[in-house]
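Structure at a glance
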Amino acid sequence: MPISLPETTQTTAGSLTPRQIVAELDKYVVGQHAAKRAVAIALRNRMRRQKLAPELAEEIAPKNILMIGPTGVGKTEIARRLARLAQSPFIKVEASKFTEVGYVGRDVESMVRDLVELGVDMVREERLEEVRAKAGQNAEDRLLDILLPPSRPTAPDEDAAPARDAQQQTRERFREQLRAGRLDARVVEIDVREKAFPSFEIIAGSSVEEVDINLKDMLPGLFQGKSKKRKVKIPEALEYLKAEEEQKLIDMDSVARAAVERVEQAGIIFIDEIDKIAGREGSHGPDISREGVQRDILPIVEGTTVNTKYGMVRTDHILFIAAGAFHVSKPSDLIPELQGRFPIRVELEPLGRDEFVRILTEPRSALIKQYTALMETEGITLAFTDDAIHRIADYAQTVNDRTENIGARRLATVLEKLLDEISFEGPDLEDKMVTIDDAYVTRMLADIVKNEDLSRYIL
């Protein structure tokens, strides 16, 4: 019998072939075909694994990927878009922020705990969608009870039916007025639970993650908060009551179980800056803990069990994507065991002028589209000519060549400087139609680009 995965993940990513996955990634990331192929195959293999018998599926480990390339070429964006496409819990961590056990800092297991938290949020949001209509109806009923308290019981010899009918008719009229917004100005009194933030000391040598696991279970009353009456307008009261009803309708134990299963079977962890912890010969001082961090990361990538406040989480089938520029160090500087856990190596190409032109215009969230949309909120219509776009790409390439090569991120700094004047004076401009042509780009940027010292600070 094939192993099961969350239905949303199966229906979305399971129906996509590797070619279709690459086509989806092409909508957001320019170039880097080899990296897209690698992640597409990894995602498809994950879906293939779910169709196998459990005994065999348990033995098939994910083929983790090591992306090698300079900053700003799309490593993180490819991983993030892949996770969104697969509807998988995804977290990006920086290897340089972790420290070896015994040093002050974050331990590597915290990446799994953070991933589980994200998984819980994802599943909770899906369950909220399922109960939102029911919660809204329950909140309405509670609010109507406040606006129109139930009538007192009648004496045994009185006929209660007419009174009940009149009460029900009045209640339905109030419901119609509530939905139409005619009661929005009224103020009602509701019970609001205050959030409690108890103070406590953490025992030396323990981490916040460890303390957090069982603290709420040990001291449940400490975190409940006190109820107090507040007078609020009806729309605010309805939102608060709806949130309360949603929490009542969601079984958090079931959410936690589903989230842990989703993380174990479909989670993706992106470890950036892994080259920063690669050991170098002759390292001294703070660098001494780098190999220790690698050895701490190793069991997480190999497959271990991490204790979280939602239960034990196995990392055997989490997909790990590591990335680094490897300017100073090289992949072979990593400890051999860790190298072996990233069997797929992909080199990403540095970006040049032609790629910059495509990045400015082609992706769904292209920078030109972003700035044009921002200015439209002020009633300003920005029009970029083809010559201007090529000139912007030229200047970005020039600055990258002369100073640090930060890839496509340079485009953001160049565009921000280019549109600085329009962004500041935009609301006061009389002519709301602004054309950005070659001459405008040259006037705003030429002097800065020519002056190498100035461009180091500004661009």
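It should be noted that the structure appears before, not after, this text.
It should be emphasised that the depicted structure is a prediction, and the values quoted were computed from it without experimental measurement. (Residues numbered from 1 in each chain as written. Predicted model: local features only at pLDDT ≥ 70, side-chain atom pairs only at ≥ 80, totals over all residues. Heavy atoms only, no water.)

Comments concerning the overall build of the protein
Within the protein one finds 19 helices and 11 strands. Looking at the protein as a whole, 42% of its 459 residues are labelled buried. Only carbon and sulfur atoms are counted for the fraction: they give 50% of the accessible area of the protein, which is about 25200 Å². (Helix = DSSP H or I, 4+ residues; strand = E, 2+ residues; numbered from the N terminus. Buried < 20%, exposed > 50% of the residue type's maximum accessible area, 1.4 Å probe, protein only. Areas by Shrake-Rupley, 256 points an atom, 1.4 Å probe, with all protein chains shown as cover.)

A look at the nonpolar core
Ranked by internal contacts, the top residues of the largest apolar core, which has 62 residues, are Ile321, Phe384, Ile392, Leu415, Leu418 and Ile436. Those residues within four positions of Ile436 in sequence are excluded, and the remaining contacts are Leu382, Ala383, Phe384, Thr385, Ala388, Leu418, Leu419, Ile422 and Val441. Grouped together as the second largest cluster of nonpolar side chains are 40 residues, Ile250, Val260, Val263 and Ala322 included. (Core = buried A, V, L, I, M, F, W, Y, C linked by side-chain atoms within 4.5 Å. Contact = heavy atoms within 4.5 Å.)

Structural notes on the pattern of salt bridges
Under the criterion given, the structure shown has 32 salt bridges. A salt bridge links Glu77 to Arg81, with the shortest nitrogen-to-oxygen separation between them at 2.7 Å. Within this pair, Glu77 and its partner Arg81 are both found in helix α5 (residues 75–86), separated by four residues, close to a single helical turn. For Glu77, a relative accessible area of 24% translates into the label partly exposed. On the accessibility criterion, Arg81 (15% relative accessible area) is buried. The partner of Lys97 in a salt bridge is Glu94, and the shortest N-O contact between them spans 3.5 Å. Glu94 sits in the partly exposed class, given a relative accessible area of 22%. It is possible to trace a salt-bridge network through shared partners that takes in Lys92, Glu94, Lys97 and Asp272. (Salt bridge = Lys/Arg side-chain N within 4 Å of Asp/Glu carboxyl O.)

Re helix α15 (residues 386–402)
Look at α15: 25 Å from first C-alpha to last across 17 residues, which is about the 24 Å you get at 1.5 Å a residue. Restricting attention to buried positions, one finds in α15 the residues Ala388, Ile389, Ile392, Ala393, Tyr395, Ala396, Gln397, Val399 and Asn400. (Expected span 1.5 Å × (residues − 1).)

Digging into the pairing of strand β8 (residues 319–324)
Burial of β8 is extensive: six of the six residues sit out of reach of the surface. Residues Leu319, Ile321 and Ala323 point to one face of β8 and Phe320, Ala322 and Gly324 to the other, with burial holding for every one of them. Of the pairings in the sheet, the one linking strand β1 (residues 65–68) to β8 comprises four bridges and is parallel in character. Across the sheet, the residue bridging to Met67 is Ala323, located in β8. Examined bridge by bridge, strand β5 (residues 268–272) and β8 share four bridges and lie parallel to one another. Among the inter-strand pairings, Ile268 is bridged to a residue of β8, identified as Leu319. (Pairing = 2+ DSSP bridges.)

Quick notes on the layout of surface pockets
To find leftover empty space, a probe the size of one water molecule is rolled over the atoms. Size it by volume and the second largest pocket reaches roughly 830 Å³. Looking at the second largest pocket, it is lined by 35 residues, and the ones nearest its centre are Gly72, Val73, Gly74, Ala408 and Arg409. Of all the secondary structure elements, the ones that give two or more residues to the lining of the second largest pocket are α5, β2 (90–94), α14 (367–376) and α16 (409–418). Sorting elements by how many residues they give to the lining of the second largest pocket places α5 first, with five residues. Each residue belonging to the lining of the second largest pocket can be placed in one class, and the counts come to 13 nonpolar, 10 polar and 12 charged. (1 Å grid on protein atoms, 1.4 Å probe; cavity = no way out; pocket = protein on both sides within 12 Å on 5 of 7 lines; lining within 4 Å. Points joined across faces, edges and corners; volume = space filled by probe spheres on them. Nonpolar A, V, L, I, M, F, W, Y, C, P; charged D, E, K, R; others polar.)

Quick notes on the sheet that holds β8
Read across the sheet, five strands follow the order β2-β5-β8-β1-β9 without closing on themselves; strand pairing throughout is parallel. Sheet topology places β2 and β9 (344–347) at the edges, where each strand pairs with a single neighbour. Along the sheet, successive strands turn relative to each other by an average axial angle of 20°, direction set aside. Against the sheet, helix α6 (residues 110–147) contacts β2, β5 and β8, and its axis sits at roughly 150° relative to β2. (Axes fitted to C-alpha atoms, helices over the stretch in contact; angles between N-to-C directions.)

Regarding the packing of α14 against α16
Where α14 meets α16, the axes come as close as 11 Å, and the angle between the chain directions of the two elements is 35°. Note that α14 runs across α16; the crossing there is right-handed. Taking contact as the criterion, the partners of Leu367, Ile368 and Tyr371 in α14 are, on α16, Leu411, Ala412, Leu415 and Glu416. Classifying every residue of the contact of α14 with α16 by side-chain character gives six nonpolar, no polar and one charged. (Left-handed = near helix turned anticlockwise from the far one by under 90°.)

Things to note about the side chain of His317
Relative to the helices and strands, His317 is located in the loop between β7 (311–314) and β8. Exposure remark for His317: the relative accessible area of 7% places this residue in the buried category. Separated by 3.3 Å, the side chains of His317 and Arg49 make a polar contact. When neighbours within four sequence positions are excluded, His317 is seen to be in contact with Arg46, Arg49, Ala57, Glu58, Ile60, Ala61, Pro62, Glu264 and Gln265. (Polar contact = N/O pair within 3.5 Å; in protein donor to acceptor, adjacent residues only side chain to side chain.)

Some details on a negative patch on the surface
Taken together, the side chains of Glu416, Asp420, Glu421, Glu425 and Asp428 make up a negatively charged region of the molecular surface. Per element, the largest residue contribution to the negative patch is three residues, and it comes from helix α17 (residues 420–425). Along the polypeptide, Glu425 turns up in helix α17. Looking at Glu425, the relative accessible area reads 38%, which means it is partly exposed. (Patch = residues over 30% accessible without salt bridge, like charges linked within 9 Å, V, L, I, M, F, W, Y side chains within 5 Å. Lys, Arg positive; Asp, Glu negative; His and termini not counted. Charge placed at Lys NZ, Arg CZ, Asp CG, Glu CD.)

Notes on a nonpolar patch on the surface
Together, Leu454, Tyr457 and Ile458 give the surface a local cluster of nonpolar side chains, amounting to about 340 Å² of exposed area. By relative accessible area, which is 37% here, Ile458 ends up partly exposed.

Structural notes on the environment of Tyr440
Along the polypeptide, Tyr440 turns up in helix α18 (residues 438–450). When the C-alpha atoms of Tyr440 and Leu418 are compared, they prove to be 8.6 Å apart, with 22 residues separating the residues in sequence.

Some remarks on the pairing of strand β6 (residues 305–308)
Judged by which residues are buried, β6 turns out to be one-sided: Val306 and Thr308 face inward and are buried, whereas Thr305 and Asn307, on the alternate face, are not. Note: β6 against β7, four bridges, orientation antiparallel. Counterpart to Thr305 in the pairing with β7 is Arg314. The antiparallel pairing of β6 with β7 creates a hairpin that spans two residues between the two strands.

So far we have only geometry, and geometry alone does not tell us how the molecule works.
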